[in-house]
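# Close look at the chain arrangement
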Amino acid sequence: MTNADRESLDRLLSEWLDEPDNAELARRVESAVGNDADRIALRDQWRRLHAALCAEPAVDWVRQRERIMAHLPAAPRRAAEIEARLDELLGEDSEPLAVDWAKMKTRVLDRLDSRRAGPVVVRFPAWRRRWVGLGLAAAAALAIWMAPWGLLLHGTRSGAEPSLPASVATLRIHAAAMTDEKSDAGSSMVQIRVAALPGADVVHPQDEPAAAEDWLMIDPPAVARVSAGEEYGMF
Amino acid sequence: MSITANRETDDLSLVRRAKRGDRDAYGELVERYQRRATSAAWRLLGDLHDATDAVQEAFIRAYNNLDTLEDESRFGPWFMRIVNNLSLNYRRGRAVRQRVASLEDRAAGDEESSREEYAIAPVYSGERPGARLAAAELEDHVQRALDDLPEQQRQALVLFSIQQLPQKDVAELLGLSVEAVKWHVFQARKKLKERLAAWL
């Protein structure tokens, strides 16, 4: 039996279990199963599954019925009765609610104030975001370009042999920036991380490896799309 | 006249009598629906004790709200909806209770759950020697497999196969199309069959 045959027979058997009294379905099942041992086994599996699912739990039904009847109120409580009882409870004759209204007002206002004091979102116009993005991109590029020289100068000052330090910048681009032209402000992001390569020589023995620096661009300008092919860029 | 139509006619007169305060008539309805309701609740909850409690509460609620049942011939689907909703509430409530109990147990340094276990032995006809043990084992696996089904598939299967609600009612209850219900029921059965292949 091919997978397609099996799927088709599975569907037919499931339909048959939906309507076990449907003679037409029963006839179709018998015709599809025929004398094939695999198909007969499949039909029997479906039957057993259905029987297992519909098996009744072991409950003393007489006792359960008695228990239910014992818990029933003497007569059904009508919706109208419930309404009347509610009216009675909320009516003018009922006890006034003991509420400290001044305190309640203060609490409500405090709650409103705390909601107002939520995270502040500052939105800049698009042109300003573009310029800020460009500025950050330029600063990041400069930092990456300067990083080896900065270490080189440091090495010269300390009298050590100038060596070309190994440092690495990883560029991480948030996928939304690449795919969604009309994404909301703040949904695009470029993250540039500058760090020494693990195991790279440290220029001065007393110096600890420089801590990694993160440069973040929110809503980067189009120039960032040059690197869009990869989530991570290394240069 | 079909069995369903007969049952609806009978339900109609029983509901009308029960509405007038005839407890015996309501007792007939309890007799008629308690097995199906308990089986369904048991499948949804996986615990017989919770299932019988949920069904008892469902019968009491139904009794108190009989006057809101507009189509008196449709007591069955209406009542089964109450059972379904209450079972789901029990299920959610139980999850919360278990989390609280677990925290309390941990606080008391007691790792073992204090929850009482109920033996569930389904009724199978034509028992052979050893059949009860095999049936209990199968039952355990069926319940676990059901618990692992996605919520909508489990509900569709229980409402349709065990509660025997018409597909139209199941669709309405779950906010799905009839075709989607058929698909969920088929998928649920198929997953169960694959999962339980060794025991079937």
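Summary of the structure given here. Along each chain, residues carry numbers from 1 onward, in the same order as the chain's sequence is written. A letter from A marks each chain and a number from 1 marks each ligand, given out in the order of writing. Where local features are concerned, this predicted model is filtered to residues with pLDDT of at least 70; where side-chain atom pairs are given and counted, the filter is 80 or more; whole-chain, interface and lining totals use all residues. The basis for every side-chain value is the complete set of non-hydrogen atoms in the structure, without hydrogens or water.

What makes two residues a contact is simply this: any of their non-hydrogen atoms within 4.5 Å. Taken together, the 48 residues of chain B in the interface contact 36 residues of chain A. Buried area: the accessible surface (1.4 Å probe) lost by two parts on joining, summed over both. With both sides pooled, the region where chain B packs onto chain A buries about 4,000 Å², and carbon together with sulfur makes up 59% of that total. Salt bridge, as used here, is a side-chain nitrogen of Lys or Arg placed within 4 Å of a carboxyl oxygen of Asp or Glu. Along the contact surface separating chain B from chain A lie 5 salt bridges. A salt bridge links A:D18 to B:R189, with the nearest nitrogen and oxygen atoms 2.8 Å apart. A 3.5 Å cut-off defines polar contacts: any pair of N or O atoms within that distance qualifies, except that in protein one atom must be a possible hydrogen donor and the other a possible acceptor, and neighbouring residues in sequence count only when both atoms are side-chain atoms. Where chain B touches chain A, the interface holds 15 residue pairs in polar contact (both at pLDDT 80 or more). For helices the rule is a DSSP run of H or I covering at least 4 residues; for strands it is a run of E covering at least 2, with both sets numbered from the N terminus onward. At 12 residues, the largest contribution of residues to the side of chain B that touches chain A is made by helix α2 (residues 23–45) of chain B. Put simply, Ala, Val, Leu, Ile, Met, Phe, Trp, Tyr, Cys and Pro go in the nonpolar bin, Asp, Glu, Lys and Arg in the charged bin, and everything else, Gly too, in the polar bin. Each residue belonging to the side of chain B that touches chain A can be placed in one class, and the counts come to 25 nonpolar, 10 polar and 13 charged.

Looking now at the pattern of salt bridges. Residues and elements named next belong to chain A. Counting across every chain of the model gives 25 salt bridges over all chains. With a shortest N-O distance of 3.2 Å, R43 and E30 are connected by a salt bridge. Placement of R43 in helix α3 (residues 37–54) and of E30 in helix α2 (residues 23–33) is noted, with a sequence separation of 13 residues between them. Burial here depends on accessible area, computed with a 1.4 Å probe over protein chains only, as a share of the maximum for the residue type. Under 20% is buried, over 50% is exposed, and the range in between is partly exposed. Residue E30 is classed as partly exposed on the basis of its relative accessible area of 41%. By sharing partners, the salt bridges in this structure join E30, R43, D44 and R47 into a single network.

Let's shift gears to the nonpolar core. Among buried residues, those of type Ala, Val, Leu, Ile, Met, Phe, Trp, Tyr and Cys that are joined through side-chain atoms within 4.5 Å constitute a nonpolar core. By size, the foremost hydrophobic cluster in this structure holds 58 residues, and its most contacted members are B:Y26, B:F59, B:L66, B:F75, B:F79, B:L157 and B:L192. Of all hydrophobic cores here, the second largest spans 11 residues; its members include A:L13, A:L17, A:L25 and A:W46.

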